[in-house]
Amino acid sequence: MYMYDDFDAAFVRGRVAEFRDQVARRLDGTLSEAEFLPIRLKNGLYLQLHAYMLRIAVPYGTLDSRKMRQLAYIADRWDKGYGHFTTRTNIQFNWPKLKDVPDILDALADVDMHAIQTSGNCIRNVTADHFAGAAADEIEDPRPTAELLRQWSTDHPEFAWLGRKFKIAVIASEHDRAVLKSHDIGVRIVRGVADEPGYEIFVGGGLGRTPMVAKQIRSFLPKAHLLPYLESILQVYNLQGRRDNKYKARIKILVHETGIDRFRELVETRFQEKLPQFNGVNQKILRRIEGSFVPPAFEAAQPMPPVLGAGLQSWIDTNVAAHRLDHYGIVTVSLKGIGETPGDASSDQMRLLADLAEEYAHDELRVSHEQNIVLPHVPRRHLPAIYDRLKAAGLATANIGLISDIIACPGMDYCALATARSIPVAQQIAERFHELGLEHEIGPMKIKISGCINACGHHHVGHIGILGLDRAGVENYQITLGGDGTETTVIGERAGPGFSYDEIVPAIERIVSAYLDVRTDPEETFIECFRRVGMTPFKEALYPPEEARSNAA
Amino acid sequence: MTTIVTGNGISGDDWADRDVFAFDCFWNGQELPEEPLAVAFPNDREAADLVPWLDRIGLIVVDFPAFSDGRGFSVARRLRELGYRGRLRASGPLVSDQLRAALKVGFDEVAVAPSVAARQPASHWKVGAQESYQDRIAV
Amino acid sequence: MAKKFNPKMATGNDLLEGDVVYFSDGRWTRVIGEAELALSPEAEADLLGRASQFPNQVVGVYLTDVKLDDAGRAVPAHFREDFRMLGPSNRPEHGRAGQGA
Ligand code: SF4
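Residues numbered from 1 in each chain as written. Chains lettered and ligands numbered in written order. Predicted model: local features only at pLDDT ≥ 70, side-chain atom pairs only at ≥ 80, totals over all residues. Heavy atoms only, no water.

(A) Summary view of the interface of chain A and chain C. Counting residues at the interface gives 33 residues for chain A, matched by 23 residues for chain C. The largest per-residue losses of area from chain A upon contact with chain C belong to A:Leu49, A:His50 and A:Met412, which jointly make up 22% of the total buried on that side. Here chain A and chain C share four salt bridges between them. For C:Arg91, the salt bridge identified is with A:Asp344, shortest N-O distance 2.9 Å. At the junction of chain A with chain C, the criterion picks out 15 residue pairs in polar contact (both at pLDDT 80 or more). Taken together, the elements giving at least two residues each to the side of chain A that touches chain C come down to helix H1 (6-27), helix H13 (423-436) and strand E19 (474-481) of chain A. By residue number, the principal contributor to the side of chain A that touches chain C is H13(A), which donates three residues. Class assignment of the residues belonging to the side of chain A that touches chain C gives a composition of 16 nonpolar, seven polar and 10 charged. (Contact = heavy atoms within 4.5 Å. Buried area = accessible area lost by both parts, 1.4 Å probe. Salt bridge = Lys/Arg side-chain N within 4 Å of Asp/Glu carboxyl O. Polar contact = N/O pair within 3.5 Å; in protein donor to acceptor, adjacent residues only side chain to side chain. Helix = DSSP H or I, 4+ residues; strand = E, 2+ residues; numbered from the N terminus. Nonpolar A, V, L, I, M, F, W, Y, C, P; charged D, E, K, R; others polar.)

Here's what the structure looks like:
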């Protein structure tokens, strides 16, 4: 865990004081609303439908018990007792008052946290693989790189007023658990010819109105060159990215319109100019960062208590992934209780998660982009005890990777930009398939729901994607199929005309029964089946001829 | 009168009675007076184009059409990277909260738009002594 | 034929609290039933003009269509305004609906 040094602490406090002053100037009118808006966004503060919303950064998704308890405290003291974990591995509070926000930011600074650059047209909070440090397949822990990028991008004077938001993710394995290729810049740690670690760089990914898969711009970048290389990309983007149209202002459009080869040339030219002026990263700082992510003091293997209940066994099978050590497991705690709001946690649940991390799991927690909480280092012998405590708090849902483990953005229940609701659709789908008892029969399935074209719910990369729209004043849901957010990223294909709020759950049910009908055997997953048979059987299931419909009814 | 803000406070514009030439003055055959020259730099032009003339220029005024249009910050950084050592001014409706970034990327001063100057007194235009993350991580 | 005119109200969010507020004859109220209605295009422009006079109190002011219920009270014409009026549908207890407003 990275702990703030004096510089970090003073910096974050300085920013809190600055924001306190900005709020005062907004209230006395010396800052206009137009001027205050981007300033508050850069401090994580939105105005939603019913209230302000404060988005707090959880850099590369990493938390410890102290931080998690402080989030619980904030939820109780200044909000309504719960928070919402997002697909950017941040947490949002939905009910803060403007006048309280500086105090909330101070409370965050008390535990080495902040809300800086969680919104606005700047470099956003850097994300990483949520299994970092625990996965067997990683080359090294991606978080030192992510922390270096957090520091480099924080209050970067040149890139604080970009044409649009800018998201960076870092992973260190072949297998992509962080949707790398939907980021403006994706950094993947790879090994070079002499086995030395370096970076493969992707650029121009993004979901939203024009979804694009990021393209490789550099197959290998020496580690020491990361900052000048990223500055080169950002500088080309800042100067040449479009500013005439909000929907064409992301770097993906520049890369697309310029062509990746020409764009690479521009970046490399800039990079060759910058490199001689760059004297390298301060080694003392770098070593301190690297030293902050050493593995915990793992215990020696000890006997595992017998697994007695079927519930425990099912939870272990579904929610516990392999750790780099055999006698450890990576536990994903589902924030997708059947009928609950995906990604929401109450303050009591946050405190329980903090307790479990502290008592059993080397005091580490992660937020995953799939809106769940991960305990990355759990000795397997503790699994029964953890399960019992989770169960008592309603957090033992055994559904990771299954049809009820749905990503859903806040949608029109909170978000001012929404065109339809997402949350109740997710709730109803989870409830329906739970009632049918089909979750395990269906197997691995990723449903992702966004409440507008901005695609915060990653619907384009869902095996089944659902996009909520407003069609002549009525909620309408468009389905995409075959999306994939892993190393083989694919943007899903639109199935056809949308469905009303009342029709969307039955439509999903028809897709699933078509899958169960056409799969070769239970081992063939939905996405494998879709790749084999294509859209046709699903289209037929979704849009049966009029007659078949009325007969079925 | 234009208000000029630097890291040291507010002053008037000491270039006010001299001309500021358009970016294209070097190419359009225009007769240019004695040096040093002041040049207006639109934020969508290429900084490298000015390189042959940099030592004839005493002031580059980079235009900010809106405070939220941050291209000027990269223009300044680039001019400095290309070796320009003369005065560099940001001009437009920047707000006081942007002064720190402006100075960091290489601007010497900000010419504040009257619409902003009317609301933001001198006391708002302060930088603080804070070191930046970029200063600390790069040697 | 002229398009049928939809009555409008002016709404926004309270700067300090963030709450949804409606404009009513020179002041802002949290009670939708008190919202002032514009019943003609001229009245609409006038309403927006007057509602925009409070930049340091209310932000994001806009006009939205209303329907009249049987008792002649203003209710939102669009579902987005229903949510703004009532609060999140997944946690109705946290919105206005839960507070009996
Ligand atoms: S996808 Fe749209 S509705 Fe959902 S959170 Fe993002 S902006 Fe809001």
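Still more to cover.
(B) Looking closely at the interface of chain B and chain A. On the chain A side, the residues contacting the 34 residues of chain B number 47 residues. Broken down residue by residue, the surface that chain B buries against chain A is led by B:Tyr133, B:Arg136 and B:Ile137, which jointly contribute 22%. Summed over the shared surface of chain B and chain A, the number is 11 salt bridges. Linking chain B to chain A there are 24 residue pairs in polar contact (both at pLDDT 80 or more). Those elements giving two or more residues to the side of chain B that touches chain A turn out to be helix H1 (71-81), helix H2 (99-105) and helix H4 (133-137) of chain B. Looking at the side of chain B that touches chain A, the element that brings in the most residues is H1(B), giving seven residues.

(C) Just the domain arrangement of chain A, in detail. Residue and element names in this part refer to chain A. Domain annotation of chain A identifies domain 1 (6-109), domain 2 (142-290), domain 3 (310-392) and domain 4 (407-552). For domain 1 versus domain 4, the distance between C-alpha centres works out to 34 Å. In this complex, domain 1 contributes 10 residues to the contact, which on the side of domain 4 involves 10 residues. Broken down residue by residue, the surface that domain 1 buries against domain 4 is led by Gln48, Leu49 and Thr87, which jointly contribute 57%. Viewed at the interface, domain 4 and domain 1 are joined by zero salt bridges. Connecting domain 1 to domain 4 are four residue pairs in polar contact (both at pLDDT 80 or more). (Domains from an automatic or database assignment.)

(D) The arrangement of the chains, seen in detail. Here the protein chains form two pairs of chains in contact, of which the pair with the most contacts is chains A and B. No interface is formed between chain B and chain C, the nearest pair of C-alpha atoms being 14 Å apart.

(E) Geometry of the nonpolar core. Residue and element names in this part refer to chain A. Ranked by size, the top nonpolar core spans 61 residues in total, and within it Met68, Leu71, Trp315 and Leu390 carry the most contacts. Per-element accounting of this core gives the leading share, seven residues, to helix H11 (residues 347-360). The residue makeup of this core includes at least three contributed by each of domain 1 (6-109) and domain 3 (310-392). If we ignore the near neighbours within four places in the chain, the residues touching Leu390 are Trp315, Val333, Leu352, Leu353, Leu356, Leu395 and Ala396. Leu148, Val203, Ile217 and Leu221 belong to the second largest nonpolar core, which has 53 residues in total. (Core = buried A, V, L, I, M, F, W, Y, C linked by side-chain atoms within 4.5 Å. Buried < 20%, exposed > 50% of the residue type's maximum accessible area, 1.4 Å probe, protein only.)

(F) Here's a closer look at the sheet that holds strand E2 (residues 9-11) of chain B. Residues and elements named next belong to chain B. On the basis of which strands lie adjacent, the open sheet formed by six strands has the order E2-E1-E6-E5-E4-E3 and mixed pairing. Edge strands, defined here as strands with exactly one partner in the open sheet, are E2 and strand E3 (37-41). Across the sheet, the mean angle from the axis of one strand to that of its neighbour is 25 degrees, orientation sign disregarded. (Pairing = 2+ DSSP bridges. Axes fitted to C-alpha atoms, helices over the stretch in contact; angles between N-to-C directions.)

(G) Main features of the sheet that holds strand E3 (residues 62-63) of chain A. Residues and elements named next belong to chain A. In space, the five strands of this open sheet follow the order E3-E14-E15-E12-E11, with antiparallel pairing throughout. Across the chains shown, the open sheet's two edge strands, defined by having one partner strand only, are E3 and strand E11 (320-322). Of the strand pairs in this sheet, E11 and strand E12 (residues 328-333) are connected by three bridges, and their pairing is antiparallel. Within the sheet, the bridge partner assigned to Val320 lies in E12 and is Val331. Most of the contacts of helix H10 (residues 310-319) go to E11, to which it runs at about 50 degrees, and overall it touches E11 and E12. Lying on the sheet, helix H12 (residues 383-392) is in contact with E11, E12 and strand E15 (373-379); it crosses E15 at an angle near 150 degrees.

(H) Just the pattern of salt bridges, in detail. Residue and element names in this part refer to chain C. Applying the stated criterion across every chain, the model contains 78 salt bridges over all chains. We note a salt bridge from Arg30 to Asp19, for which the minimum N-O separation is 2.9 Å. Linking Arg30 in the loop between strand E3 (27-29) and helix H1 (41-51) with Asp19 in the loop between strand E1 (8-14) and strand E2 (20-24), this pair joins segments that are 11 residues apart in sequence. A relative accessible area of 34% places Arg30 in the partly exposed class. Using a relative accessible area of 17% as the deciding quantity, one classes Asp19 as buried.

(I) Summary view of the packing of helix H6 (residues 226-240) of chain A against H1(B). The contact between H6(A) and H1(B) brings their axes to 9 Å, and the two run at 125 degrees. Comparing their axes, H1(B) and H6(A) come out oblique. Every pair of crossing elements has a handedness; the one defined by H6(A) and H1(B) is left-handed. Within the contact between the two elements, H6(A) uses A:Glu231, A:Gln235, A:Asn238 and A:Leu239 and H1(B) uses B:Arg71, B:Ser74, B:Val75, B:Arg77, B:Arg78 and B:Glu81. In terms of residue class, the contact of H6(A) with H1(B) is built from two nonpolar, three polar and five charged. (Parallel < 35°, antiparallel > 145°, perpendicular 65-115°, else oblique. Left-handed = near helix turned anticlockwise from the far one by under 90°.)

(J) Just the packing of aromatic side chains, in detail. Taken as a whole and judged by the stated rule, the model has 27 aromatic pairs over all chains. Judged by centre distance (5.8 Å) and plane angle (55 degrees), the rings of C:Phe23 and C:Phe54 are tilted. With a gap of 31 residues between them, C:Phe23 in strand E2 and C:Phe54 in the loop between H1 and strand E4 (58-68) connect regions that are remote in the sequence. Taken together, the aromatic side chains of B:Phe23, B:Phe26, B:Trp27, B:Phe41 and B:Trp53 make up a single cluster linked through ring pairs. Its end group placed over the ring of A:Trp95, A:Lys80 keeps NZ or CZ at 4.0 Å from the ring centre. Cation over ring: A:Arg421 sits above A:Tyr501, and NZ or CZ is 4.2 Å from the ring centre. (Phe/Tyr/Trp six-rings, centres within 6.5 Å; stacked < 30°, edge-to-face > 60°. Lys NZ or Arg CZ within 6 Å of the ring centre and 35° of its normal.)

(K) Representation of H1(B) in the model. Here H1(B) lies mainly inside the structure; 10 of its 11 residues are buried. Those residues of H1(B) that sit buried are B:Arg71, B:Gly72, B:Phe73, B:Ser74, B:Val75, B:Ala76, B:Arg78, B:Leu79, B:Arg80 and B:Glu81. Looking at the packing, one finds that the buried side of H1(B) touches H6 and helix H8 (260-274) of chain A together with E3, strand E4 (57-63), strand E5 (87-92) and H2 of chain B. Just past H1(B), the residue B:Gly83 takes up positive phi, approximately 105 degrees.

(L) Representation of the environment of A:Gln92. Residues and elements named next belong to chain A. Within the secondary structure, Gln92 sits in strand E5 (residues 91-93). Judged by relative accessible area, which is 4%, Gln92 ranks as buried. Once the C-alpha coordinates of Gln92 and Leu45 are considered, the two residues, 47 residues apart in sequence, prove to be 9.6 Å apart. Non-local contacts of Gln92, meaning those with residues more than four positions away in its chain, are made with Met53, Leu54, Arg55, Gly83, His84, Thr86 and Pro410. Engagement of the side chain of Gln92 in a polar contact is seen with the side chain of Arg55, the distance being 2.9 Å.

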